[in-house]
Amino acid sequence: MISKPVTHRALVIITFLLLSVQVFSHGDLTKRINQKTKEIVENPNDFKLYYERGFLYQQHVEFNKAMEDYLRSTSLGNTDKVLMYRIAEVNYLSEDYKNALSSITAYLEVDSINVKAKKLEAQILFKIEAYKESIAAYHYVMKTMVDIRPEDILEYTSIILAENNKNFSKAIDVIDFGLTKVGENTLSLQVKKLEYLKDSGQVEKTIEQYNYFILEYQRKEFWYYQKAAYLVSINKSKDANISLKLATATIEKLDAKFKNMDSILELKQQIKSLESTINN
Amino acid sequence: MMKKITQIVMMLFTVYSFSQTEPIATADVNSIHSTTSINVERGPYLQSGTPTSVIVKWRTNIATESVVNYGTLFSSLTKTEKNLTLITDHQVTLSGLTPNTKYYFNIGNNKGVLSQDLTGDMYVITAPAIGTKQFVRAWILGDPGTANNSQREVRDAYYDYVANAPINNGKTDMMLFLGDNAYNTGKDAEYQNAFFDVYGDMFKKSVAWSCLGNHDGQSADSATQSGPYYDIFTFPTEGEAGGTASGTEAYYSFDYANIHFIILDSHHSSREVGGAMYNWALTDIQNTKNDWIVTLFHHPAYSKGSHDSDEDHRPIEMRENFMPMLEANGVDLVLNGHSHSYERSYFLNGHQGFANTFNPDEISKGGHTVGSTGHGDGKTDSNGAYEKSIEATEGAVYITTGSAGQISGGELNHQAMYLSLNQLGSCVMEVEDDGKGGQNLIVKFIRENNEIDDYFTINKTGIVTPNVVKNKSGQESKILTYLEDSKLITIAVNKNERLKSVKFYNNIGELVKRSRKDTIKISKMSKGLYVVEITTNKKIYTESVTIK
């Protein structure tokens, strides 16, 4: 008779515990941080727990707290190089580039060939305007990384141009190298190549690059317009007119459902406006 | 007494613990182990399906050759694709396939078959040719990877649904995963428990696609495109499946029938306007000619569930940066996860503010809901379907459906949502003919208890209406006549004008032909679009013509 209510209470507690596990498995960062804090209270000298909570804080964009935990983890004896990397990363994210550099340098003394660490080193060096050193570090990344992303190539070219804002030939070489690595039609790289060709005043190659997009893509109306706008900017009004006519003809050939989309309506206005500019 | 309670606790936790990890046996899979030591530990599963190709992946416990036998007859798998390198993670591409065709297959090594299904339930149906208008069914799973019974109940409810569906039963053209496929950190072992062990039956006959979730991103490193997520999945990076080449598996696109799917990475990749992903997505969406556009990414543009789209920076950036561009280019359906609930919007356009700025009374162009039914429930048997047409191209439904493995509550009161439920479930999207020359895109939310708690329809008219060609000859001008059969173009200027010259510019604006005649032979000219500049003594006319 006495055991019944106790059992009920026990079941309530059990249910609560099970629900708690369910909640924590959700992975919400705040809850996971709280859970990790409880674990730290129970094991205050476990450096692994401080590292883990620090990483959660880092993901939660609480960099000061992350750094406190990382330093605490270090002071408790954590010598794992991953911790060294995280410290460098948090310093970088906190815009404390001086400490970021010393942290990543320390890391690279332990593991000099880690491509991710070299990339972070290059990014830190870029921020402190040590461009030549940044380029050297990123060059290593380019040579070594197995699966380069378009974003890496774009970042590398921006560093090259930061070091010398006239060095478009090298930036374009890097883009071309990137196209061989990640795919010859990678959009973001082809667009950046176009930008660099324009910025370096290479008219014929710029027009060729616009033609690449026109030939490569099944819908060409936006590219015709952009080419026309460029041709106007370099005073080739007649060629621009041809391109605008092609843009208009291409729009007319679109399936009806596309013709009333906001983007096409806006494009039509832009074409009209550019035609007006050319003809006046 | 305490002993008794302890026993109860132990027992319940044991049950709970097993429910979290133990895979349910799949009775219909018949694996044959021709050697005693080599076993298939994972898969087979299908990746990057196109009308003419598919990738088959699987894992063995011991390094061995990779062999796929396949054919259109279950009893006669006459074709073989193999890789003789000894590996454990196998990947074989079947190419040169016929669109919309069922190919049975088995997997093995040089010594024999390692896994097959004796009931014929291991197959791939290749995608239809791009642009084909036909029935399509996609199973949509958000945040499924708990490996617990909730996940399995949601799965089984869909299996029941599709087995008993009134049309095309048993057919699942694709699985769309919205990220967080394996808790807690997307490790390989977690993927085994929460992904392969749970959906194995479907993986061997339906192509799986995914976007990156934040939990997947804890073990996957997008900076180096490494880690379990990137190892497990193989997505098209060079436009192989019909989209624009992104150069990365973090974001990509593909076509299936007349639907264009755009998969974005809301977790690791930059979400800035003008960033690499934005530029790619803009070009990609402006390059599709398909009738429907569906976008998926993990962090919800609109949610008041376990995550708040007014507070988290990723949802805000996706909503403010990407949604205006996607909406301007005709997106129809946006699928998100992250919040572990089901939240489904009205028919929206142009709402990029916080939840409390949503104004349902705005139904004009650029307003927050679209069309006369836009602020309704979207049900054909109630307020009516959401409507799109050749003239009215705006409007998209946003669904945050992250409860395929667990529910986590939240305020669930986002004003842009027609319905918000703290319930387990997954979604099914079905595109079908509306019987009137258009199509319906129907989405249903299928609860773990087999109930359908929500459904809606987007009706799009005019889908089968191609661009109206002005006449059979493709003539696009009054002054210029294209005579397709005789391969001639004739120029007829006004009576008081004299023709001086005719110039043809090709599709990249190059001058390719000149003439002074009013009848011009074009038999040697390439097919395609030309601008024709016609100069008279009084005026210059610029016309266009498509030579066929």
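Every value quoted in this text rests on a predicted model; they were computed, and no experiment measured them.

Quick notes on the rules
Residues numbered from 1 in each chain as written. Chains lettered and ligands numbered in written order. Predicted model: local features only at pLDDT ≥ 70, side-chain atom pairs only at ≥ 80, totals over all residues. Heavy atoms only, no water. Domains from an automatic or database assignment. Axes fitted to C-alpha atoms, helices over the stretch in contact; angles between N-to-C directions. Helix = DSSP H or I, 4+ residues; strand = E, 2+ residues; numbered from the N terminus. Parallel < 35°, antiparallel > 145°, perpendicular 65-115°, else oblique. Left-handed = near helix turned anticlockwise from the far one by under 90°. Contact = heavy atoms within 4.5 Å. Nonpolar A, V, L, I, M, F, W, Y, C, P; charged D, E, K, R; others polar. pLDDT = per-residue confidence, 0-100. Pairing = 2+ DSSP bridges. Expected span 1.5 Å × (residues − 1). Bend = angle between axes of the 7 residues up to and from the residue. Buried < 20%, exposed > 50% of the residue type's maximum accessible area, 1.4 Å probe, protein only. Core = buried A, V, L, I, M, F, W, Y, C linked by side-chain atoms within 4.5 Å.

Topic: the domain arrangement of chain B
Under the domain assignment, chain B is made up of domain 1 (40–125), domain 2 (136–460) and domain 3 (480–547). The distance between the C-alpha centroids of domain 2 of chain B and domain 3 of chain B comes to 49 Å.

Re the packing of helix α14 (residues 237–253) of chain A against helix α16 (residues 262–279) of chain A
Helices that pack against each other are described as a pair by the angle of their axes relative to one another and the distance between those axes. Residues and elements named next belong to chain A. For the pair α14 and α16, the least separation of the axes is 10 Å and the interaxial angle reads 155 degrees. Judged by the angle between their axes, α14 and α16 are roughly antiparallel. Both α14 and α16 take part in a crossing whose hand is left-handed. Within the contact between the two elements, α14 uses Ser237, Ala240, Asn241, Leu244, Ala247, Thr248 and Ile251 and α16 uses Ile264, Leu267, Lys268, Ile271, Leu274, Glu275, Ile278 and Asn279. Across the contact of α14 with α16, the residue classes tally to 9 nonpolar, 4 polar and 2 charged.

Considerations on the confidence of the model for chain B
For chain B, per-residue confidence averages 90 on the pLDDT scale, and 90% of positions sit at 70 or higher. Here residues 1–35 of chain B scores under 50 on pLDDT; set against residues more than four positions off or in separate chains, the count is 60 contacts.

Brief notes about the sheet that holds strand β24 (residues 511–515) of chain B
The sheet built from 4 strands is open, its strands ordered β24-β23-β26-β27 (chain B) with antiparallel pairing. The open sheet has two edge strands with one neighbour each: β24 and β27 (540–547) of chain B. Neighbour-to-neighbour, the strand axes of this sheet turn through a mean angle of 20 degrees, independent of strand direction. As paired elements, strand β26 (residues 528–536) of chain B and β27 of chain B share 8 bridges and run antiparallel to each other. Following the sheet pairing, glutamate 533 of chain B is matched in β27 of chain B by threonine 542 of chain B. Running over the sheet, α14 of chain A touches β23 (499–505), β26 and β27 of chain B and is turned about 130 degrees from β26 of chain B.

Focus on helix α3 (residues 188–203) of chain B
All names here are of chain B. In this model, α3 (16 residues) spans only 17 Å end to end at C-alpha, well below the 22 Å of a helix rising 1.5 Å per residue. Phenylalanine 196 marks where α3 bends most, by close to 40 degrees. Within the sequence span of α3, burial applies to Glu190, Tyr191, Gln192, Ala194, Phe195, Phe196, Val198, Tyr199, Asp201, Met202 and Phe203.

Quick word on the nonpolar core
All names here are of chain B. The biggest cluster of nonpolar side chains holds 179 residues, and the ones touching the most others in it are Leu176, Phe254, Phe261, Leu264, Phe322, Leu333 and Met429. Ranked by residues supplied to this core, first place goes to α3 with 8 residues. What phenylalanine 322 contacts, discounting residues up to four positions off in sequence, is Leu264, Arg271, Met277, Tyr278, Ala281 and Glu317. Within the second largest apolar cluster, 17 residues are counted, among which are Ile491, Leu499, Phe504 and Val532.

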